[in-house]
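# Coordinate inspection notes
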Amino acid sequence: MTIKLVVRGFTLNIISAYAAQESLDEEIKRRFWEDLDEMIRGISHTEKLFIEGDFNGHIGAMFRGYDDVHSGFGFRDRNGGGTSLLDFARAFDLVIANSSFP
């Protein structure tokens, strides 16, 4: 789901996403990432973008190799879904702002 708001001259795009669970077929996961990719490419670089959701992956407690998108705040070990999320964030020059609330 995506919502576009114009506030005081700024255009904000808010995307709510729910990724396929780790146990589902790889084709379903691939289509999710392709659809999200297409949504983001349709947003002008002059507009603000916020993506929130459940990406069904663990980015892990260590940012190993992803310090440009991950601050090290997370838990557990990284899994395939977490790696996909980190790679996606890097591809679009995004950052992961918060992966969990204590």
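Details of the structure are given in the entry above.
Given the structure is predicted, the values throughout are model-derived calculations rather than measurements.

Reading the values: the criteria
Residues numbered from 1 in each chain as written. Predicted model: local features only at pLDDT ≥ 70, side-chain atom pairs only at ≥ 80, totals over all residues. Heavy atoms only, no water. Pairing = 2+ DSSP bridges. Helix = DSSP H or I, 4+ residues; strand = E, 2+ residues; numbered from the N terminus. Axes fitted to C-alpha atoms, helices over the stretch in contact; angles between N-to-C directions. Contact = heavy atoms within 4.5 Å. Expected span 1.5 Å × (residues − 1). Buried < 20%, exposed > 50% of the residue type's maximum accessible area, 1.4 Å probe, protein only. Arc of directions from axis to C-beta. Polar contact = N/O pair within 3.5 Å; in protein donor to acceptor, adjacent residues only side chain to side chain.

### Observations concerning the sheet that holds strand β3 (residues 48-54)
Strand order in the open sheet formed by 3 strands is β1-β2-β3, and the pairing between neighbours is mixed. At either margin of the open sheet sits one strand with a lone partner, and together these are β1 (2-7) and β3. Along the sheet, successive strands turn relative to each other by an average axial angle of 20 degrees, direction set aside. Bridge count between strand β2 (residues 10-18) and β3: 7 bridges; the pairing is parallel. Its bridge partner lying in β3, L12 is registered against K48. Here helix α1 (residues 26-41) sits on the sheet in contact with β1, β2 and β3, set at roughly 175 degrees to β2.

### A short note on α1
Under the 1.5 Å per step criterion, the end-to-end length of α1 is 23 Å for 16 residues, consistent within 8% with the ideal 22 Å. Looking only at α1, the buried set comprises K29, F32, W33, L36 and I40. Take α1 and look down its axis: the buried residues cluster within an arc of 90 degrees, on one side only. Away from its buried face, by an angle of more than 90 degrees, α1 presents the exposed residues E38 and R41. Along its buried surface, α1 packs onto β2, β3 and α2 (80-91). Near the N-terminus of α1, the side chain that reaches the backbone nitrogen of E27, with its oxygen 2.9 Å away, is that of D25.

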